[in-house]
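Examining the three-dimensional arrangement
One-letter residues, chain by chain:
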Amino acid sequence: MPLQSLSDREAARGVGFGLAAYVMWGCFPLFFALFDGVPAFEVLIHRIIWSCLFLVGLVTLLKRWGPIRKALAEPRRLGRVLGCAVLIAINWGLYIYAVETRQVFQASLGYFLTPLVNVALGMLVLREAMAGLQRVAVVLAGVAIAIQLLLLGELPWISLTLALSFGTYGLLRKQVPLDGLSGLFVETLLLLPLGLMALAWLSAAELSHFLGGPRITLLLVASGVITALPLLAFAGAARRLRLATLGFLMYLNPTIQFFIALLVFREPLSSAQLATFLLIWTSLALYSWSAWNTRTRSPLAPGGTAPIPEQR
């Protein structure tokens, strides 16, 4: 088979994996909306427990225990991994809360903001150079948040917390020498004792919904598996696609969430919120244009600009 043909087939498979990952992530509001009456905190607990058990089986099947044993053998170096685990737990818990309280517009805005937060953190923390258009994009994002503060009288705290927690997660994750699957398992494993203690407390206080009915029980167990599936698809895409291509596919997730909020959940969209989204979309267009131009001008960066952290 010609080399070019093989490369094209792998790229096509990569796009398929990427589309599957981001479409699944985008549709998560429909899944978490099924947990009617189950607090976000409890859903998060079960997501941790059942994800960990699912990943044990997956790591065993793929024979990937080597890097995990190495990481666990040096507990002093697990500080950043623990930081990643806490940040992603905050991100997941708040996201589930946003869906349950029908604030999916805010969740969507948070994930639209995330690439711009990554750029800002790269400049402030890692002292990375920022192109002129990228600076304009970050400023426009700040103006968008100011509009919501002035016109609605409140900060979009869900959006900001989601963006900052996931952006900071990405910053720490870049400093952890573990592949995606191994890193996810170690992060989940570190949270497992807290998850088990929280589940025991809920059960003792008779507040647990687990085993309260077959439907909710099945959903709680499935939450661990279903949230891990897009990560596996993402890993398949990341091995086959340039980061620039993954960057454009990433916008599918908050876009799908936006339309689910608008068309399925019928959330009200005020003029101030619409203005915020328009400014953020303009910011992302400028950022993407700048990133694309940088990629095409720089022969040393065929994969694009900053790495995209794995979304959970």
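Residues numbered from 1 in each chain as written. Predicted model: local features only at pLDDT ≥ 70, side-chain atom pairs only at ≥ 80, totals over all residues. Heavy atoms only, no water.

1. A look at the packing of aromatic side chains
Under the defined criterion, the tally for this structure stands at 23 aromatic pairs. Aromatic pair Trp92 and Tyr95: ring centres 6.0 Å apart, planes at 80°, arrangement edge-to-face. In this pair, Trp92 and Tyr95 are both assigned in helix α5 (residues 79-100), three residues apart and thus about one turn of the helix distant. The same class applies to Trp92 and to Tyr95, which are both buried. When the ring of Phe258 is compared with that of Phe277, the centres are 4.8 Å apart and the planes differ by 70°; the resulting orientation is edge-to-face. Pair noted here: Phe258 is in helix α12 (residues 252-264) and Phe277 is in helix α13 (residues 271-297), with a separation of 19 residues, a long-range link. Residue Phe258 is classed as buried on the basis of its relative accessible area of 5%. Look at Phe277 and you get buried, because its relative accessible area is 1%. Taken together, the ring pairs in this structure connect Phe28, Phe31, Phe32, Phe35, Trp92, Tyr95, Tyr111, Phe166 and Tyr169 into an aromatic cluster. The ring of Phe265 has Arg102 sitting right over it, with the charged end atom 4.4 Å from the ring centre. (Phe/Tyr/Trp six-rings, centres within 6.5 Å; stacked < 30°, edge-to-face > 60°. Helix = DSSP H or I, 4+ residues; strand = E, 2+ residues; numbered from the N terminus. Buried < 20%, exposed > 50% of the residue type's maximum accessible area, 1.4 Å probe, protein only. Lys NZ or Arg CZ within 6 Å of the ring centre and 35° of its normal.)

2. Things to note about the nonpolar core
With 84 residues, the main nonpolar core has Phe32, Phe35, Trp92, Tyr95 and Ile280 as its most contacted residues. The dominant element in this core, judged by the number of residues it contributes, is α5, at 12 residues. (Core = buried A, V, L, I, M, F, W, Y, C linked by side-chain atoms within 4.5 Å.)

3. With respect to the environment of Pro29
With respect to the element layout, Pro29 can be found in helix α2 (residues 28-32). The residues contacting Pro29, other than those within four sequence positions of it, are Tyr95, Val99, Val104, Gln257, Ile260 and Phe265. (Contact = heavy atoms within 4.5 Å.)

4. Section: helix α8 (residues 157-173)
It helps to recall that an α-helix has 3.6 residues per turn; residues three or four apart then point in one direction. Along its 17 residues, α8 runs 23 Å from first to last C-alpha, staying within 8% of the 24 Å computed at 1.5 Å per residue. Listed in full, the buried residues belonging to α8 are Ile158, Ser159, Leu162, Ala163, Ser165, Phe166, Gly167, Tyr169, Gly170, Leu171 and Arg173. On the buried face of α8, the contacting elements are α5, α6 (104-124) and α9 (180-204). (Expected span 1.5 Å × (residues − 1).)

5. Some remarks on α12
Over its 13 residues, α12 extends 17 Å from the first C-alpha to the last, a length consistent with the 18 Å expected when each residue adds 1.5 Å. Those residues of α12 lying buried are Asn253, Pro254, Gln257, Phe258, Ile260 and Ala261. Along the axis of α12, the buried residues cluster in a sector spanning 165°; they form a single face. Looking at the residues trailing α12, positive phi occurs at Arg266, about 55°. (Arc of directions from axis to C-beta.)

6. Remarks on the packing of helix α3 (residues 40-62) against α9
Relative to each other, α3 and α9 sit at 135°, their axes nearing to 7 Å. By the angle between their axes, α3 is oblique relative to α9. Pair α3 / α9 crosses with left-handed handedness. Grouping the amino acids of the contact of α3 with α9 by side-chain chemistry returns 20 nonpolar, four polar and one charged. (Axes fitted to C-alpha atoms, helices over the stretch in contact; angles between N-to-C directions. Parallel < 35°, antiparallel > 145°, perpendicular 65-115°, else oblique. Left-handed = near helix turned anticlockwise from the far one by under 90°. Nonpolar A, V, L, I, M, F, W, Y, C, P; charged D, E, K, R; others polar.)

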